[in-house]
Amino acid sequence: MSIKLEHINYIYSEGTAYEKHALKDVNLEIRDGEFVGVIGHTGSGKSTLIQHLNGLLKASSGALYFNGRNVYEEGYPMKELRSQVGLVFQYPEYQLFEADVMTDVCFGPKNQGLSPEECKERAMEALKLVGLKEKYYQSSPFELSGGQKRRAAIAGVLAMRPKVLVLDEPTAGLDPKGRDEILGQIASLHKASGLTVILVSHSMEDIARYADRIIVMDHGKVRYNDTPKHVFTHYMELEKMGLAAPQVTYIMHDLREHGLSVTTDVTTVEEAADQIMQALEMKQ
Amino acid sequence: MIRDITIGQYYPAKSILHRLDPRVKLVSTLLYLISLFLFRSISGYLVATLFLVCIIRMSKVPLSYIVKGLKPIIMLLLITVLFNLFLTRDGDVLAHFWIFTITEGGLVTAVFMAVRLIYLIIGSSLMTFTTTPGELTDGLEDLLKPLNRIKVPVHEVAMMMSIALRFIPILLEETDKIMKAQIARGADLESGNMIQRAKSMIPILVPLFVSAFRRANDLALAMEARCYHGGEGRTKMKPLRYHTRDFVTYVVVVVYVIAVFVIGRYVPLHIWIF
Amino acid sequence: MDIIQTEHLVYEYAKRDEEGNITGTSRAIDGVDIDIRQGQFVAVLGHNGSGKSTFAKHLNAILVPTAGTVWVDGKDTKAPEELWNVRQTAGMVFQNPDNQIIGTVVEEDVGFGPENLGVPTDEIWQRVEESLKAVGMLEYRHHSPNKLSGGQKQRVAIAGVVAMEPKCIVLDEPTAMLDPSGRKEVLKTVQELRTKKQVTVILITHYMEEVIDADKIYVMDHGHVVMEGTPREIFSQVDTLKKYRLDVPQVTILADELRKRGLDIPAGILRKEELVEALCRSN
């Protein structure tokens, strides 16, 4: 199970005054069970990129393979692709429309042609996964708080039982606790069921904490495609793209400059604390 | 895609047309539209074409941009042409097959109707291309001021219009986003009969309405926070003032209307190509 | 006189059933006393639903207290005759950049407030130019707001408030919908305004990095003010903040972690330079 992009180009409004080359020769592979982070400045092409993964946008040129089969082939079942690759848009709560949460979460499975019982079963499962309390299942989605709406909307995609879950800034606008809770649930889902996760985020700290690999987009091109440790050593280049490294990475660089022998490819607080303690012990 | 629609969008440029008073442009556009129905001869069309070409050149809006604005009305145009082509029975029969008959009169009417419609759209979109929505509503507000006396809330209507104009692009973009989100959840928006299709619009329309109301509420708060309390005691950042160029324009437009009327009526120029 | 003063401020929402009958009330703000002096930079922190936005809406009389009083520059917000004065004194910037821009051209939007105040035309132009310059958006004056980035839109919204010449600007989560560079842009603008124009700034947010320069921080939870103090005082209580669903910058967490492991580091570290200095000095 993998997604493979070969020489993908995408041009918006081709042949008009608004023409924009949004993706330029993108080559990528996303393997089964990975947790991939995608970062990039607004307008870098990352949203365009993820909309290719489930066929919402079709590349101007290039090929996209899902499990080895080119999805741009004549007669490829796009609906099948869309239920395998679930896409959670930014502010997904704005797509809720049914009278109650349960019916809304059933919308995806219903479109997959499942029986009402099956839909309900999957909806229950998905709602449990996102941690929405049972007392809200029959409430109108419009009465929930922001964080609860967000969960309901993510459940709406999970209920389709995708193999790959793509999330575009799932924590935008949430408070810190809400942010941690949602990402924590996604991470544990990834661990427990082997779900492939592709997370688009502006928070370098979050990406560093959860992703096995980071894809850095800039002006429609893939600039880096590597582990967080390697990507964040290029923090100067990242800054030129309007990005940054996690704050701890900068601290480690500063400490090293001040003569403390710590390694600088540190991306999380725990690692940083370990490194500093070690370096201080060595000094004594 | 929805975002490609250019009709009704302002096109920033520095031309004499852009600088004209919006009231002049509104009145002139109205006169121009009426003028298109004052003649039925080639000579009239020649004058109208000449006038339109001059205006397009003066506006500094690229022709390709204007033509693109016609895209959404292609269907309407086709229907008009077909109706006129087949339903007008006048003059020699040019072709006949099954139940369809094309007559000379039908062909002429069809072509003229199409041209008229295109001129109509180009003329009115030139106004929106060269006038910011703000100026447009200011102009309308001023022109309709007399209606205040019969208790028509002119200021409020103008304000509503300008807000609508500001939010149309935002709501279009939002529609695009919601559509994509529902397609990602397996929604099928394209197949099925009329009823099924109408039903499949619900997942798009409900979120769109909810969002429109949320935005309306936010905007009302923001306006109140900035001390908006209707038109009373309000000053204008850009008060409308007539300049010489505006009077000249009025004269030119009136001359054009008279010319098109007189020439279109009394200078017969029937050069049929067939 | 303080620019903003609240006394036992209480605000209750009416809860309604499906037919719209009132079934009860719920308190969004419950006995808040806050004093803000002219020229201060004050931050109000709190998780979603803590009552911080409801509080903000009281500062320019969009909401009026159920009980208690709010004075803005000495004027009671409940007094109907002071309404426009209050709103002119305390300008407000909202969260969603799209939903608060009224004009279809940048400069027309900035002129909207002064127009409503009845400012003479020549002076409107002057104010618009000055305000756009103050937020660094003068070169965009003829642009459509729809073509701007989120950060730029928020700067236009700020200019729209500045053009009303308020003594105090309330920003209600102005950065919640922006990307990191947009957030930086907006904060930089606010900082500059503060130094150039000496306006009082009240920033409502849940991003901790944005408030380390504040003169004073209030933390709200369930309609109460649960913590108040300088950034250093607030940020030294990492665990308490976490209890209120909040977070601290990574450097503060790291410093806290190192202290727990036995290093001699002062509490409430806000910037990476402070941590580096503390580590190099003490060891």
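Residues numbered from 1 in each chain as written. Chains lettered and ligands numbered in written order. Predicted model: local features only at pLDDT ≥ 70, side-chain atom pairs only at ≥ 80, totals over all residues. Heavy atoms only, no water.

- The name that an unreviewed UniProt entry assigns to chain A is Energy-coupling factor transporter ATP-binding protein EcfA2, with the source organism given as Merdimonas faecis.
- In its Sequence similarities (unreviewed entry) section, the UniProt entry covering chain A states "Belongs to the ABC transporter superfamily. Energy-coupling factor EcfA family."
- Under the heading Subunit (unreviewed entry), UniProt records this for chain A: "Forms a stable energy-coupling factor (ECF) transporter complex composed of 2 membrane-embedded substrate-binding proteins (S component), 2 ATP-binding proteins (A component) and 2 transmembrane proteins (T component)." (UniProt positions renumbered as here; feature names shortened; annotations may be inferred.)

**Description of the interface of chain B and chain C**
- The partner chain C presents 38 residues to the 29 residues of chain B that form the contact.
- Regarding the contact of chain B and chain C, the summed buried area is about 3000 Å², with carbon and sulfur atoms giving 57% of it.
- At the junction of chain B and chain C, the tally comes to 5 salt bridges.
- Two residues, C:Glu115 and B:Arg234, come together in a salt bridge whose shortest N-O distance is 2.8 Å.
- In this assembly, chain B and chain C are joined by 19 residue pairs in polar contact (both at pLDDT 80 or more).
- Ranked by residue count, the leading element in the side of chain B that touches chain C is helix 10 (residues 202-225) of chain B, at 9 residues. (Contact = heavy atoms within 4.5 Å. Buried area = accessible area lost by both parts, 1.4 Å probe. Salt bridge = Lys/Arg side-chain N within 4 Å of Asp/Glu carboxyl O. Polar contact = N/O pair within 3.5 Å; in protein donor to acceptor, adjacent residues only side chain to side chain. Helix = DSSP H or I, 4+ residues; strand = E, 2+ residues; numbered from the N terminus.)

**Here we look at the pairing of strand 2 (residues 100-103) of chain B**
All names here are of chain B.
- Two elements, strand 1 (residues 93-97) and strand 2, share 4 bridges in a ladder whose sense is antiparallel. Note that in strand 2 the partner of Phe97 across the bridge is Phe100.
- Here strand 1 hands over to strand 2 after 2 residues, with Trp98 in that stretch at a positive phi of 50°. (Pairing = 2+ DSSP bridges.)

**Brief notes about the sheet that holds strand 2 (residues 22-36) of chain C**
All names here are of chain C.
- An order of 2-1-4-5 is seen for the 4 strands of this open sheet, with the pairing classed as antiparallel. Of all strands in the sheet, those bounded by a partner on one side alone are strand 2 and strand 5 (75-76).
- Bridge analysis of strand 4 (residues 67-72) against strand 5 gives 2 bridges, and the strand direction is antiparallel. Paired with Val72 across the bridge in strand 5 is Lys75.

**Observations concerning the packing of helix 3 (residues 42-59) of chain B against helix 6 (residues 104-130) of chain B**
Residues and elements named next belong to chain B.
- It is at 11 Å that the axes of helix 3 and helix 6 come closest, and there the two elements cross at 25°. With respect to each other, helix 3 and helix 6 are oriented roughly parallel. The handedness of the crossing between helix 3 and helix 6 is left-handed. Counted together, Ile42, Tyr45, Ala48, Thr49, Leu52, Ile55, Ile56 and Ser59 of helix 3 and Phe112, Val115, Arg116, Tyr119, Ile122, Gly123, Leu126 and Thr130 of helix 6 form the full contact between these two elements.
- Across the contact of helix 3 with helix 6, the residue classes break down as 11 nonpolar, 4 polar and 1 charged. (Axes fitted to C-alpha atoms, helices over the stretch in contact; angles between N-to-C directions. Parallel < 35°, antiparallel > 145°, perpendicular 65-115°, else oblique. Left-handed = near helix turned anticlockwise from the far one by under 90°. Nonpolar A, V, L, I, M, F, W, Y, C, P; charged D, E, K, R; others polar.)

**So, the packing of aromatic side chains**
- Under the criterion given, the structure shown has 16 aromatic pairs over all chains.
- A ring pair is formed by A:Phe35 and A:Tyr210, whose centres lie 6.3 Å apart and whose planes are at 20°; its orientation type is stacked. A residue pair is termed long-range when its members are at least 10 positions apart, and A:Phe35 in strand 3 (residues 35-40) and A:Tyr210 in helix 7 (residues 204-210) qualify at 175 residues. Comparing A:Phe35 with A:Tyr210, the two get one shared label, buried.
- Aromatic pair B:Tyr242 and B:Phe247: ring centres 5.5 Å apart, planes at 40°, arrangement tilted.
- We classify B:Phe247 as partly exposed; its relative accessible area is 46%.
- One residue, B:Arg23, lies across the ring of B:Tyr242, its end atom 4.1 Å from the ring centre.
- Residue placement shows B:Arg214 over the ring face of A:Tyr94; its charged tip is 4.1 Å from the ring centre. (Phe/Tyr/Trp six-rings, centres within 6.5 Å; stacked < 30°, edge-to-face > 60°. Buried < 20%, exposed > 50% of the residue type's maximum accessible area, 1.4 Å probe, protein only. Lys NZ or Arg CZ within 6 Å of the ring centre and 35° of its normal.)

**What about the interface of chain B and chain A?**
- Facing 20 residues of chain B, the contacting portion of chain A comprises 24 residues.
- Where chain B abuts chain A, roughly 2000 Å² becomes buried across the two surfaces, and 62% of that area is made up of carbon and sulfur atoms.
- For the interface between chain B and chain A, the tally reads 1 salt bridge.
- Between A:Asp104 and B:Arg185 there is a salt bridge whose closest N-O contact spans 2.8 Å.
- Across the chain B-chain A interface, the total number found is 4 residue pairs in polar contact (both at pLDDT 80 or more).
- The set of elements that each furnish at least two residues to the side of chain B that touches chain A consists of helix 4 (63-68), helix 8 (154-184) and helix 10 of chain B.
- The residue makeup of the side of chain B that touches chain A, split by class, is 11 nonpolar, 2 polar and 7 charged.

**Comments concerning the confidence of the model for chain C**
- Overall, the predicted model of chain C reaches an average pLDDT of 92, with 99% of residues at or above 70.
- Confidence metrics for the complex model read pTM 0.86 and ipTM 0.90. (pLDDT = per-residue confidence, 0-100.)

**What to know about the state of the cysteines**
- The full count for this structure, using the stated rule, is 0 disulfides over all chains.
- With no disulfide of its own, A:Cys106 lies closest to A:Cys119 among cysteine sulfurs, the gap being 5.3 Å.
- For B:Cys227, which is in no disulfide, the shortest distance to another cysteine sulfur is to C:Cys168 and amounts to 13 Å. (Disulfide = S-S within 2.5 Å.)

**A few points about the side chain of C:His206**
- Its location among the elements puts C:His206 in the loop between strand 8 (200-205) and strand 9 (216-221).
- Of the polar contacts made by the side chain of C:His206, one reaches the backbone oxygen of A:Leu174; its length is 3.2 Å.
- One polar contact links C:His206 to C:Asn48, side chain to side chain, over a distance of 3.5 Å.
- Each residue touching C:His206, except ones within four places of it in the same chain, is listed here: A:Gly173, A:Leu174, A:Asp175, A:Pro176, C:Gly46, C:Asn48, C:Lys52, C:Glu173 and C:Leu246.

**Details of helix 6 (residues 176-193) of chain A**
Residues and elements named next belong to chain A.
- When the terminal C-alpha atoms of helix 6 are compared, their 26 Å separation across 18 residues agrees well with the 26 Å that a helix rising 1.5 Å per residue should span.
- All buried positions along helix 6 are accounted for by Pro176, Gly178, Arg179, Ile182, Leu183, Ile186, Ala187, Leu189 and His190.
- Considering only its buried residues, helix 6 is in contact with strand 3, helix 4 (116-129), helix 5 (146-158), strand 7 (164-168), strand 8 (196-200) and helix 7.
- Remark: Gly194 follows helix 6 within two positions and exhibits a positive phi of approximately 70°. (Expected span 1.5 Å × (residues − 1).)

**Quick notes on helix 6 (residues 180-197) of chain C**
Residues and elements named next belong to chain C.
- In a regular helix each residue adds 1.5 Å, so 18 residues correspond to 26 Å; helix 6 covers 26 Å between its end C-alpha atoms and thus fits that length.
- Along helix 6, the residues classified as buried are Gly182, Arg183, Val186, Thr189, Val190, Leu193 and Arg194. With its buried residues spanning 135° around the axis, helix 6 presents them on a single face. Facing away from the buried surface of helix 6 by more than 90 degrees, the exposed residues are Lys184, Lys188, Thr195 and Lys196.
- Structurally, helix 6 contributes buried residues whose contacts are with strand 3 (41-45), helix 4 (121-134), helix 5 (150-162), strand 7 (168-172) and strand 8.
- Looking one or two residues past helix 6, Gln198 carries a phi angle of roughly 55°, positive in sign. (Arc of directions from axis to C-beta.)

**Observations regarding the environment of B:Gln182**
- Note that B:Gln182 resides in helix 8.
- A residue is classified by how much of its surface remains accessible, and B:Gln182, at 0% relative accessible area, is buried.
- Between the C-alpha atoms of B:Gln182 and B:Phe247, which are 65 residues apart in sequence, the distance is 54 Å.
- When sequence neighbours within four positions are dropped, the list of residues in contact with B:Gln182 reads A:Gln95, A:Phe97, A:Phe107, B:Ala187, B:Pro203, B:Ile204 and B:Pro207.

**Focus: the nonpolar core**
- Of all hydrophobic cores here, the largest spans 73 residues; its most connected members are C:Phe235, C:Leu254, C:Leu258 and C:Leu275.
- If one sorts the elements of this core by residue count, helix 11 (residues 269-283) of chain A sits on top with 7 residues.
- If we skip the residues at most four places from it in the chain, C:Phe235 touches C:Met208, C:Val211, C:Ile212, C:Ile217, C:Leu241, C:Val248, C:Pro249, C:Thr252, C:Gly268 and C:Leu270.
- Ranked by size, the runner-up nonpolar core spans 49 residues in total, among them A:Ala152, A:Ala159, A:Leu189 and A:Phe232. (Core = buried A, V, L, I, M, F, W, Y, C linked by side-chain atoms within 4.5 Å.)

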